[in-house]
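Structural description and commentary
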Amino acid sequence: MKIKTFLLIGVLALVGCQAKGRFSDEQISAMRNAGFSQNSEGWGLGLSDKILFGVNESELTAASKSNISAMARNLAATGINHVRIDGHTDNYGKADYNQQLSLKRANAVAEQWAIGAEVPRSNIVTRGLGMSAPVASNNSNQGRAQNRRVAIVITSP
């Protein structure tokens, strides 16, 4: 009897752990509508097609600011208040410079996200990944432009 009780408590504890951090149907729908897709880390959105940066630039355009704010506001309305934003660069320049530039890009998006979602900036983790994770070949202007991007990752509501 003690073994069954112990096993039952163990199973319930595991189920409780798995339930924590799960997304609601409303949150999943909002993420999908914003273009997010499920990946190994949670839900991700690469913004290379929506927010591109020029060479050596980390400033957001007015249109990008508006897009980020609207997306953040819509997701925050469903209870998604924590995100991670990864900045990236193309392969031009030195690695340490590109790492700093990619972090500036991530921080620019994070600042706008915090404004749009009306959440504390501390709810947003940023990383500068430099040129370490390209999504396209750096052998063409188009590929390099796609690599000058940010990615947003949501791992829990």
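Above this note sits the structure.
Below you will find a few notes about this structure. (Residues numbered from 1 in each chain as written. Predicted model: local features only at pLDDT ≥ 70, side-chain atom pairs only at ≥ 80, totals over all residues. Heavy atoms only, no water.)

A closer look at the pairing of strand 5 (residues 150-154)
Let me state the cut-off plainly: Remark: exposure states derive from per-residue accessible area (1.4 Å probe, protein chains only) relative to the maximum for the residue type, with buried under 20%, exposed over 50%, and partly exposed in between. Think of it this way: any DSSP run of H or I at least four residues long counts as a helix, any run of E at least two long counts as a strand, and we number them from the N terminus. Here a strand pair is declared whenever DSSP counts at least two bridges between the two strands.
For strand 5, the tally of buried residues reaches 5 of 5 residues, placing the bulk of the element in the interior. The alternating pattern of strand 5 places V150, I152 and I154 on one face and A151 and V153 on the opposite face, and all of these are buried. Pairing analysis gives 4 bridges linking strand 2 (residues 42-46) to strand 5, with the strands arranged antiparallel. Following the sheet pairing, L45 is matched in strand 5 by I152.

Here we look at helix 2 (residues 25-33)
Quick reminder of the rule: To be clear, the arc concerns the directions from the helix axis to the C-beta atoms. We call two residues in contact whenever any of their non-hydrogen atoms come within 4.5 Å of each other.
All of the buried residues in helix 2 are Q27, A30 and M31. The buried residues of helix 2 all sit within an arc of 100° when viewed along its axis, so they share a single face. Exposed residues lying more than 90 degrees from the buried face of helix 2 are D25, R32 and N33. Looking at the buried side of helix 2, the elements it contacts are strand 2, helix 3 (62-76) and strand 5.

Examining the pattern of salt bridges
Put simply, the rule is: In the sections that follow, a salt bridge refers to a side-chain nitrogen of Lys or Arg positioned within 4 Å of a carboxyl oxygen of Asp or Glu.
Throughout the structure, instances matching the rule amount to 5 salt bridges. Of the charged contacts in the structure, one is a salt bridge between D86 and R84, with a shortest N-O distance of 3.0 Å. Residue D86 is classed as buried on the basis of its relative accessible area, which comes to 4%. D90 is the salt-bridge partner of R148, the closest N and O atoms lying 2.8 Å from each other. Placement of the pair is R148 in the loop between helix 5 (141-147) and strand 5 and D90 in the loop between strand 3 (83-87) and helix 4 (95-117), with a sequence separation of 58 residues. Residue R148 is classed as buried on the basis of its relative accessible area of 11%.

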